[in-house]
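# Fold and contact review
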Amino acid sequence: MKKETRRQNIAYQNKDITSKVLAERFQGKTFRVYGLDLPKIVKAGPTNIPIITANELRLDNLFELADQTVAIVDYESRYKKEDKIKYLNYLAGIANRYRNEKKPCPALRMIVIYTGDVKRKQVSCEYQIGALTMRIEAAFLSELDADGIFGRLTEKIQTGRQLTEEELMEYMILPLSLQTQKQKRQKAAELAELAVRIKDREQQLFVMAGLLVFADKILDMETANKIKEIIHMNKVEWLIRQEERRECEAEKRQALAEAEKNFKKEKKRELKRAAKRYEKEKQEYEAKQQEYEARQQEYEVKEQEYEARQQEYEARQQEYEAKMQYMIKWMAAKGYAADEIFSEFRKESGER
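This is a predicted model, so every value here is computed, not measured.

Okay, the packing of helix 3 (residues 146-158) against helix 5 (residues 181-195) next. At a minimum axis separation of 11 Å, helix 3 and helix 5 run at an interaxial angle of 15°. One finds that helix 3 runs roughly parallel with respect to helix 5. For the element pair helix 3 and helix 5, the recorded crossing hand is left-handed. Where helix 3 approaches helix 5, its residues Phe150, Leu153, Thr154 and Ile157 are matched on the opposing element by Lys187, Glu190, Leu191 and Leu194. Tallied by class, the residues present in the contact of helix 3 with helix 5 amount to five nonpolar, one polar and two charged.

In structure tokens:
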């Protein structure tokens, strides 16, 4: 009994160690590879359910899905009708958690993933107790082509290619698709060894954490410790990369701030230069305008002088014509002949 309790504590500790790793990486993945047509995972939630006192229920996984529903996921290696009472407690515990948090409880899904030990024909997906009917959504890993999946995953990893989202989900759950405990433990160890060769550190960390969580009940202590060691090493590396990213982002923000500051300074200087150019051009324009107005006034004065001279000329012309007419009349009255008058006129003209 003590050994079993210690084993459970280790299992829960393994989940606690890797919960953050998985929570960060489950977003966008689905259970489609297990035969369940469910929306994509939005995020992973806490798996402990406080019950009245210090006692707790622990479910295997809790996921918020893209359709706003919440999936409670449990893994079973045997089908027992009385397990459905446990699922009812899960559902009631989650609903109570939302009530305590003063949040509306979303629609809950009870997902049960049966390992390779259980066949579809053995399972009833409904539980009726009069006032209540519970329906579970079951997946049967015994229906997976374990050898084919393992061969495909091995080939992709050995050739250095990235795994797809579905293949990552297959990787974590593959040991549970086998029937005997020995087969499961052996496959988990093989997958742990294979995961070391995954080049993408993010994917490697994800499948290692998944193996530790999903296969925790079948892993031997040596394999579990080896996986935890690799996770720890990768987590440190990941944290370093995250720190480098943060530093890079900080440098980027600083560079952008400096560029913006320089841009504002340059803009301010350019505005000052533009204002000076405008003021200078304005003064030059006003000077030219004043010069133009002075010339205009000078022109108007000269025009007035010209008009005065023109009027003076016209007045003298009229005076001359009047004198000529007077002289002609006077000479005619004295009896001068026409040629004499003309001669005198020419003299008068020549004198002028």
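Right, let's get into the packing of aromatic side chains. How two aromatic rings sit relative to each other is set out by the distance from centre to centre and by the angle between their planes. Under the defined criterion, the tally for this structure stands at five aromatic pairs. Here phenylalanine 31 and tyrosine 34 contribute two aromatic rings whose centre-to-centre distance is 5.9 Å and whose plane-to-plane angle is 55°, an arrangement assigned as tilted. Using a relative accessible area of 1% as the deciding quantity, one classes phenylalanine 31 as buried. Consider the rings of tyrosine 114 and phenylalanine 140, whose centres lie 5.5 Å apart with planes at 15°: the pair is stacked. Of this pair, tyrosine 114 sits in strand 6 (residues 108-114) while phenylalanine 140 sits in strand 9 (residues 137-140), and the two are 26 residues apart along the sequence. The exposure classification of tyrosine 114 matches that of phenylalanine 140, with both residues buried. One aromatic cluster in this structure is built from Phe31, Tyr34 and Phe63.

To continue, consider the environment of leucine 132. With respect to the helices and strands, leucine 132 occurs in the loop between strand 7 (126-128) and strand 8 (133-135). Owing to a relative accessible area of 34%, leucine 132 belongs among the partly exposed residues under this scheme. Dropping the residues within four chain positions of it, leucine 132 is found in contact with Leu88 and Tyr127.

With that out of the way, let us pick up the pattern of salt bridges. The full count for this structure, using the stated rule, is 24 salt bridges. We note a salt bridge from glutamate 126 to arginine 135, for which the minimum N-O separation is 2.9 Å. Judged by relative accessible area, glutamate 126 falls into the partly exposed class, the value being 35%. The partner of lysine 187 in a salt bridge is glutamate 190, and the shortest N-O contact between them spans 3.1 Å. Here lysine 187 pairs with glutamate 190, and both are found in helix 5, just three residues apart, close to one helical turn. Here lysine 187 falls in the buried class, since its relative accessible area comes to 12%. Three or more residues joined by partner-sharing salt bridges are found here, namely Glu266, Arg269, Glu270, Arg273 and Arg277.

Attention now moves to the sheet that holds strand 5 (residues 70-76). Strand order in the open sheet formed by five strands is 1-4-5-6-9, and the pairing between neighbours is mixed. Unpaired on one side and paired on the other, strand 1 (41-44) and strand 9 mark the two borders of the sheet. Each strand of the sheet is rotated relative to its neighbour by a mean of 30°, with strand direction disregarded. Inspection of the sheet shows strand 1 paired to strand 4 (residues 61-65) by three bridges, in the antiparallel sense. Its bridge partner lying in strand 4, alanine 44 is registered against phenylalanine 63.

The next subject is unusual backbone geometry. Phi is positive for glutamine 68, close to 75°, though the residue is something other than glycine. Structurally, the position occupied by glutamine 68 is in the loop between strand 4 and strand 5. Non-glycine residue lysine 102 carries a positive phi angle of around 55°.

What counts and how
Residues numbered from 1 in each chain as written. Predicted model: local features only at pLDDT ≥ 70, side-chain atom pairs only at ≥ 80, totals over all residues. Heavy atoms only, no water. Axes fitted to C-alpha atoms, helices over the stretch in contact; angles between N-to-C directions. Helix = DSSP H or I, 4+ residues; strand = E, 2+ residues; numbered from the N terminus. Parallel < 35°, antiparallel > 145°, perpendicular 65-115°, else oblique. Left-handed = near helix turned anticlockwise from the far one by under 90°. Contact = heavy atoms within 4.5 Å. Nonpolar A, V, L, I, M, F, W, Y, C, P; charged D, E, K, R; others polar. Phe/Tyr/Trp six-rings, centres within 6.5 Å; stacked < 30°, edge-to-face > 60°. Buried < 20%, exposed > 50% of the residue type's maximum accessible area, 1.4 Å probe, protein only. Salt bridge = Lys/Arg side-chain N within 4 Å of Asp/Glu carboxyl O. Pairing = 2+ DSSP bridges.

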